[in-house]
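# Observations on the three-dimensional arrangement
Letter by letter, the chains look like this.
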Amino acid sequence: MPLTQFVVKMHSRCDLACDHCYVYEHADSSWRSRPKVIGEGILAKAAERIGEHAVAHRLSAVRVVLHGGEPLLAGPERLSRAAEALRAALPPGCSLDLRIHTNGVLLSRAFLAVFAAQDIRVGVSLDGDKIANDRHRRFADGRSSHPQVLRAVGLLNEPEFRHLFAGLLCTIDIENDPVAVYRALVELRPPAVDFLLPHATWEELPKRLPDGAEHPYADWLLTVHRLWETDARPFAVRTFESVHRTVRGLSSLTESLGLEPSDLAVLETDGTFEQADSLKTAYDGAPATGMNVFAHSLDDLARHPGIAARQSGLAGLSETCRACPVVRACGGGLYAHRYRADNGFDNPSVYCGDLMTLINGIAGSGGSSPVPAPVPAQGGRRPLSIALTPAQLDDLATGYGGAETVAAVGESQLRFTRAMLAAAWDASGHGRAAAWELLEELDRKATKAVDAVLAHPYARAWAARRLVGDLSVGLGPMAALAAAAAVRAGRGDAVTVPARGGWLHLPTLGRIAVPDGEAVVTGHADGFEVRAADGTVFTELDQPLRRVRLAGGWTVALEDVDPLRDSHDHPVADRLPETELLGWTGALREAWELLGRDLPGYAEGIRAGLTTITPLRPGPTGRDVSSAARQAYGAVGIARPATAPTLALLLAHEFQHVKLGAVLDLYELYDRPDNGPDDRRYFAPWRPDPRPLEALFQGTYAHLAVTEYWGTRTAAYDGLAGEAADRARAQFALWRQYTAEAVERLVGSGVLTELGHRFAAGLGESVAPWLAVPLPAAAERDAERARQERSRLRFAEV
């Protein structure tokens, strides 16, 4: 796996003497022998190494954190040169997320002017109010650093520099009042706060309170979490958000939680490569790799056993962790916190009990599923769904949908899938079969394992086909769901699953080449066993479900093995060869970067709800192919287009269909005929043939994102000439007018429900600002020619 995050030590000394610092106060003492300031030659070589790594792995973005010691001691000129070197070394299409982490003492307007010029975002260490901060963060002579840090944060909050403010880092001390700490941080209006557990190991245990509280760190964090939720989450907190995500089977945003592989490396001031800085708390020399920037590439470094160990997921955890019910949320905790002298890192975290209490506390608070009680079934349809709040519906009505809203939609779809599976199984007439009984038992005793399987987009495709009378799919997919849940639960449960066509498929995991016949799948704490009909035993996946990790920690699956992925209305691609997988990986990374930059209002919901991309076969030459499937929430099907911008557009367009389809599972947006099929048809501006109202609604909702895409592309070409700029302006002119006309046709249909009118009004409000954007007359003429051509085709067909 490539490395995408780099910590570059600009200075190895510090102007504070914090007594909880892992660099100077813990087991490792390597700082004593290192140069104070990083050399220009080392910086240049580091930039070169990162650039060549980005080229080799087609990275669309890398993150670099300028660190220390205290990096500001390196001075503004050296920091500026470092930024220039790093940015110049990256290939076209690879963006640089450049940050600096400082104690804030030396931060000044001069530094911030450099950071603004070089686009360097600033994180500041602050442990809360003055009492909390002074407990550890003092000068060597005992003086408080609190006034200087507040001054630094004040500078970052000035309008000129606010865009540079990345957030605050707060190390927890359980003797500090969590309420006072939280209130002090809220007053500073940070965009984000990272609450960090103090570094500790089984050799150097964390502080405990005299009252003997069993889980004081969890209690401290849960107090903050309650305040944070009550205040409507005034800033981002990666720890809390990662728990919300991982308990739903999504990726973590931090190395200290979840099973996401680590992709971080450290460069010291002497040019040596190290593993994560937190390892300095384990033992002297723990982060060392024996490698340096001049003699070793980043591919060499990525193969180091220590880094590989932090990329091995569940298999790299201790036996205790693998058997734990919250392991997929906890991930064993931070790697360094597992250390014990007699067996290294093969242990649970020293904070094990606190992490379990924290995860269960947050999950039990409702924060991971921010939705109200079930909505009554409408006309006997849609049992076991859950309602969305009026605010969430209004959020979706605009065409957008933030992370919490889309998470609530996902939870409703999970319950909907459960209901459909139950109905399909009841209709099968097989009663209390072993696979169904096991799935029910696991749903009671290992709910998260079942959730992770049933949340996979194609889990309910089997039920959808059975419920419309398609019995050709058989009962094997239900047994496969139970088997996948058993493997994830790791309790030793066994279930019989049919192997067909030489494969046995385990949804969300992958498939194993197995002779046809009945095979027995057993899930263990450390993996699984498949015993084929001929007695052969298999313990590894031949074709695992592959996932791509994107910037910011978001992970999406490339689904090319699930036999039910053919739910889309285009043929699906076969298993991707490695070259095509590499092509998808690079294209997705670049497309995700573009979505975050150009369509941030849509990107937030995509990140929260899109879990799977199913590669489709290419269409006719020059035609982009993409599809959403109504019975596959969380997935889109796409044939990889020629360019990453087109991929970004297709992702946004298709996920609009996914969202609105989920809304239509819950609510009526238009009145349906009392008897018989609905044969009413309406013209969409972009099609020559009349369509059902649902299709018009879906198209309008999707093309709102298309409008914004071309609007942002047009803005990017402001003042520029050329074919690409002209095309963007013409497409923008065309799609904004199409979308506005489609909204008018929805309103004029006469069949919208009250909620349908709310959605139409929201879409109209979202497209209105784009209609006001002035465009050159040539762009309007090009758009009008395209409209007339489509009208001609419609007239010819009619």
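What counts and how
Residues numbered from 1 in each chain as written. Predicted model: local features only at pLDDT ≥ 70, side-chain atom pairs only at ≥ 80, totals over all residues. Heavy atoms only, no water. Pairing = 2+ DSSP bridges. Helix = DSSP H or I, 4+ residues; strand = E, 2+ residues; numbered from the N terminus. Axes fitted to C-alpha atoms, helices over the stretch in contact; angles between N-to-C directions. Contact = heavy atoms within 4.5 Å. Salt bridge = Lys/Arg side-chain N within 4 Å of Asp/Glu carboxyl O. Buried < 20%, exposed > 50% of the residue type's maximum accessible area, 1.4 Å probe, protein only. Phe/Tyr/Trp six-rings, centres within 6.5 Å; stacked < 30°, edge-to-face > 60°. pLDDT = per-residue confidence, 0-100.

### Considering the sheet that holds strand E3 (residues 95-102)
On the basis of which strands lie adjacent, the open sheet formed by nine strands has the order E6-E5-E4-E3-E2-E1-E7-E8-E9 and mixed pairing. Each edge of the open sheet is held by one strand with a lone partner, namely strand E6 (193-196) and strand E9 (288-292). Each strand of the sheet is rotated relative to its neighbour by a mean of 25 degrees, with strand direction disregarded. Examined bridge by bridge, strand E1 (residues 5-9) and strand E2 (residues 61-67) share five bridges and lie parallel to one another. Across the sheet, residue Val8 finds its bridge partner in E2, namely Leu66. Together, E2, E3 and strand E4 (120-125) form the strand contacts of helix H2 (residues 76-89), whose direction differs from that of E3 by roughly 155 degrees.

### Description of the pairing of strand E12 (residues 510-513)
The pairing of strand E11 (residues 503-506) with E12 spans four bridges and is classified as antiparallel. The partner of Leu506 across the bridge, within E12, is Gly510. In this sheet, strand E16 (residues 543-544) lies alongside E12 in antiparallel orientation, the contact comprising two bridges. Bridging from a neighbouring strand, Gly510 pairs with Pro544 of E16.

### Focus on the sheet that holds E11
Think of a sheet as strands paired side by side through backbone hydrogen bonds, with each pair either parallel or antiparallel. With antiparallel pairing, the three strands of this open sheet are ordered in space as E11-E12-E16. Strands with a single pairing partner mark the edges of an open sheet, and in this sheet they are E11 and E16.

### Focus: the pattern of salt bridges
By the definition in use, this model includes 55 salt bridges. With a shortest N-O distance of 3.6 Å, Glu40 and Arg78 are connected by a salt bridge. With Glu40 in helix H1 (residues 40-56) and Arg78 in helix H2, the pair connects residues that are 38 residues apart, well separated along the chain. Linking Arg597 and Asp598 is a salt bridge whose minimum nitrogen-to-oxygen distance equals 2.8 Å. Overall, Asp598 belongs to the buried group, its relative accessible area being 12%.

### Remarks on the environment of Asp284
Turning to its location among the elements, Asp284 is positioned in the loop between strand E8 (272-274) and E9. With 360 residues separating them along the chain, Asp284 and Ala644 place their C-alpha atoms 45 Å apart.

### Looking at the packing of aromatic side chains
This model, assessed by the stated rule, comprises 17 aromatic pairs. Consider the rings of Trp735 and Tyr738, whose centres lie 5.3 Å apart with planes at 75 degrees: the pair is edge-to-face. Of this pair, Trp735 and Tyr738 are both found in helix H24 (residues 723-747), three residues apart, which corresponds to roughly one turn of the helix. The pair formed by Trp735 and Tyr738 is uniform in burial state, with each residue classed as buried. By way of ring pairs, the aromatic residues Phe195, Trp220, Trp228 and Phe240 are connected into one cluster.

### Focus: unusual backbone geometry
Of the consecutive residues Gly68 and Gly69, the connecting peptide bond is found in the cis state with omega at 20 degrees. Mapped onto the elements, Gly69 comes out in the loop between E2 and H2. Positive phi outside glycine occurs at Arg58, with the angle close to 50 degrees. By secondary structure assignment, the location of Arg58 is in the loop between H1 and E2. Backbone geometry places Arg189, a non-glycine residue, at a positive phi of 55 degrees. Within the secondary structure, Arg189 is located in the loop between helix H6 (178-187) and E6.

### With respect to the confidence of the model for the chain
Taken over all residues, the pLDDT of the chain has a mean of 89, while the share at 70 or more is 94%. Taking the mean pLDDT of every element in the chain, the minimum, 73, falls on helix H26 (residues 777-797) and the maximum, 97, on strand E19 (residues 612-615). Predicted confidence for residues 366-385 stays below pLDDT 50, and this span has 48 contacts to residues more than four positions away or in other chains.

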